[in-house]
Amino acid sequence: MCIFCKIVQGEIPCNKVHENDEFLAFHDVNPKAPIHILVIPKKHIDKFQNVTPELMAKMTPFIQEVAKILELDQRGYRLIVNNGEDGGQEVMHLHFHILGGTKLLWPQLTPDENKKYL
Ligand code: DGP
């Protein structure tokens, strides 16, 4: 069983923010911003590339609710999904990162800072 399925089952504790029958939101163990939440479907789906439109249609309002609970809805926040190897996904259970609580930077994401991509 993957680590996030163990969190869903209660085998590994988490600092929960919100949940319903299908989704769970909890604080990231290694926060990259003052507020860093992970939102996951309780059902195991390995990555964003394999999520269905039907599940996303329900996940979207859940993420918006979490942002409201954390009072990020007015100031703003960033949503990140790392998908697959090049995307830097470490836990192979679909998760959205919600980052906020400060004005976020938009850092260089590749090692070569001088390379232009356009
Ligand atoms: P990603 O690189 O997108 O797969 O991000 C995985 C995130 O999951 C990373 O920011 C750290 C977090 N994480 C890994 N294991 C645990 C855990 O056991 N508990 C919590 N709360 N977060 C975890």
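This report concerns the structure included in the present document. (Residues numbered from 1 in each chain as written. Predicted model: local features only at pLDDT ≥ 70, side-chain atom pairs only at ≥ 80, totals over all residues. Heavy atoms only, no water.)

### Description of the site of the ligand
Link 1 in the chain: Asp-28, Asn-82, Glu-90, His-95 and His-97 are the nearest of the 15 residues found near the ligand.
Link 2 in the chain: Val-91 is positioned such that a nitrogen or oxygen atom in its backbone is 2.9 Å from an oxygen atom of the ligand.
Link 3 in the chain: The protein chains hide 85% of the 510 Å² of surface that the ligand would expose on its own.
Link 4 in the chain: Judged by the fraction of its atoms near the pocket grid, the ligand is located in the largest pocket.
Link 5 in the chain: When contributions to the shell around the ligand are tallied by element, the ones reaching two or more residues are helix H1 (3–9) and strand E2 (23–27).
Link 6 in the chain: Among the elements that make up the shell around the ligand, the one with the highest residue count is H1 (three residues). (Near = heavy atom within 4 Å. Polar contact = N/O pair within 3.5 Å; in protein donor to acceptor, adjacent residues only side chain to side chain. Areas by Shrake-Rupley, 256 points an atom, 1.4 Å probe, with all protein chains shown as cover. 1 Å grid on protein atoms, 1.4 Å probe; cavity = no way out; pocket = protein on both sides within 12 Å on 5 of 7 lines; lining within 4 Å. Sits in = over half its atoms within 2 Å of the grid points. Helix = DSSP H or I, 4+ residues; strand = E, 2+ residues; numbered from the N terminus.)

### What to know about the layout of surface pockets
Link 1 in the chain: The volume enclosed by the largest pocket comes to roughly 970 Å³.
Link 2 in the chain: Taken together, 33 residues form the lining of the largest pocket, with Asp-28, Lys-32, His-36, Asn-82 and His-97 sitting closest to its centre.
Link 3 in the chain: Going through the elements one at a time, H1, E2, strand E3 (35–41), strand E4 (78–80), helix H3 (84–87) and strand E5 (96–100) are the ones with two or more residues in the lining of the largest pocket.
Link 4 in the chain: Here the lining of the largest pocket takes three residues from H1, the largest share from any one element.
Link 5 in the chain: Split into classes, the residues belonging to the lining of the largest pocket amount to 18 nonpolar, ten polar and five charged.
Link 6 in the chain: In this structure, the second largest pocket occupies an estimated 160 Å³ of space.
Link 7 in the chain: Lining of the second largest pocket is provided by 13 residues; of these, Arg-75, Gly-76, Tyr-77, Gly-101 and Thr-102 occupy positions nearest its centre.
Link 8 in the chain: Across the lining of the second largest pocket, the residue classes break down as five nonpolar, four polar and four charged. (Points joined across faces, edges and corners; volume = space filled by probe spheres on them. Nonpolar A, V, L, I, M, F, W, Y, C, P; charged D, E, K, R; others polar.)

### Quick look at the pattern of salt bridges
Link 1 in the chain: One pass over the full model with this rule turns up three salt bridges.
Link 2 in the chain: Here Lys-42 and Glu-19 are joined by a salt bridge, their closest N and O atoms 2.7 Å apart. Linking Lys-42 in the loop between E3 and helix H2 (53–69) with Glu-19 in strand E1 (residues 16–19), this pair joins segments that are 23 residues apart in sequence.
Link 3 in the chain: We classify Glu-19 as partly exposed; its relative accessible area is 35%.
Link 4 in the chain: It is possible to trace a salt-bridge network through shared partners that takes in Lys-16, Glu-19 and Lys-42. (Salt bridge = Lys/Arg side-chain N within 4 Å of Asp/Glu carboxyl O. Buried < 20%, exposed > 50% of the residue type's maximum accessible area, 1.4 Å probe, protein only.)

### Comments concerning H2
Link 1 in the chain: Taking 1.5 Å of rise per residue, 17 residues should cover 24 Å, and H2 covers 25 Å from first to last C-alpha, within 8% of that figure.
Link 2 in the chain: Of all the positions in H2, only Leu-55, Met-56, Met-59, Phe-62, Ile-63, Val-66 and Ala-67 are classed as buried.
Link 3 in the chain: Tucked inside the fold, the buried residues of H2 contact E1, E2, E3, E4 and E5.
Link 4 in the chain: Where H2 ends, the next residue or the one after it, Glu-71, has phi of about 60°, a positive value. (Expected span 1.5 Å × (residues − 1). Contact = heavy atoms within 4.5 Å.)

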